[in-house]
Amino acid sequence: QVQLVESGGGSVQTGGSLRLSCAASGRTFSSYRMGWFRQAPGKERELVAAINWNDYSTYYAAFVKGRFTISRDNAKNAVYLQMNNLKPEDTAVYYCASRSRPTGVYDYWGQGTQVTVSS
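Residues numbered from 1 in each chain as written. Predicted model: local features only at pLDDT ≥ 70, side-chain atom pairs only at ≥ 80, totals over all residues. Heavy atoms only, no water.

A. Molecular detail of the sheet that holds strand β7 (residues 68-73). Across the sheet, which stays open at both edges, the four strands sit in the order β1-β3-β8-β7 with antiparallel pairing between neighbours. If you trace the sheet from one side to the other, it starts and ends with β1 (2-7) and β7, each paired once. Averaged over all pairs of adjacent strands, the angle between strand axes in this sheet comes to 20°, irrespective of strand direction. (Pairing = 2+ DSSP bridges. Helix = DSSP H or I, 4+ residues; strand = E, 2+ residues; numbered from the N terminus. Axes fitted to C-alpha atoms, helices over the stretch in contact; angles between N-to-C directions.)

Next comes the structure, spelled out in C-alpha cells:
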C-alpha cells in the first residue's frame, strides 16, 4: 500500500499564499498519478489538481483560475500544491491521494490538512 502524509496547511487572510506538501511512501511503484482534493463542511469532495509521476501531465479544476500550481519532486517522493491569492471559499480540508495503475482510481488517501482563509 501507499502511505501519504500531508503538511503545510494553516490560516491565512484573503489574498495570501500557502504551499501544501505530500510525502509518499510504501508501494509507490504502483502509484502513477497524485491528486489534491478538498472538502469543505457541507460540500462534496472535489478534485483540485493532479499530476503524474513519470511525465508532466497535469489537471486543474476550473475554479483554480490559475491561482494554484501542482508540482512534484520524484527524488523525495513528494507532491506540492502552491496556493496563491487564496479566497474564503478555498477553506477546506485538503487531502493528498494516490491513483494506482492496477485499480485506476484514487485508492490511497492522507489524513488531510486544514486550510482556513479569513476575510
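Next comes the rest of the write-up.
B. Structural view of the state of the cysteines. Here the structure, examined in full by the defined rule, presents one disulfide. At a sulfur-sulfur separation of 2.0 Å, the disulfide partner of C22 is C96. What sets the handedness of the C22 and C96 disulfide is the S-S torsion sign, and at about -75° it is left-handed. Taken together, the residues span a long stretch of sequence, with C22 in strand β3 (residues 18-26) and C96 in strand β9 (residues 92-100) at a distance of 74 residues. Taking relative accessible area as the criterion, C22 reaches 1% and is therefore assigned buried. For C96, a relative accessible area of 1% puts it in the buried group. (Disulfide = S-S within 2.5 Å. Buried < 20%, exposed > 50% of the residue type's maximum accessible area, 1.4 Å probe, protein only.)

C. Broad picture of the side chain of S100. Relative to the assigned elements, S100 resides in strand β9. A distance of 2.9 Å separates a polar atom in the side chain of S100 from a polar atom in the side chain of D107. Dropping the residues within four chain positions of it, S100 is found in contact with S30, S31, Y32, V105, D107 and Y108. (Polar contact = N/O pair within 3.5 Å; in protein donor to acceptor, adjacent residues only side chain to side chain. Contact = heavy atoms within 4.5 Å.)

D. Spotlight on the pattern of salt bridges. Enumeration according to the criterion identifies four salt bridges in this entry. Between E46 and R38 there is a salt bridge, and its shortest N-O distance comes to 2.8 Å. The class of E46 is buried, set by a relative accessible area of 17%. Here D90 ties to R67 by a salt bridge, and the two come within 2.7 Å at their closest N and O atoms. One end of the pair, D90, is in the loop between β8 (78-83) and β9; the other, R67, is in the loop between β6 (58-60) and β7, and 23 residues separate them in sequence. Here the residues in one salt-bridge network are R38, K43, E46, R67 and D90, joined through shared partners. (Salt bridge = Lys/Arg side-chain N within 4 Å of Asp/Glu carboxyl O.)

E. Broad picture of the environment of S7. The residue S7 is located in strand β1 in this model. It is 17 Å that separates the C-alpha atoms of S7 and N84, two residues lying 77 residues apart in sequence. Leave out the neighbours within four places in its chain, and S7 touches R19, L20, S21 and T113.

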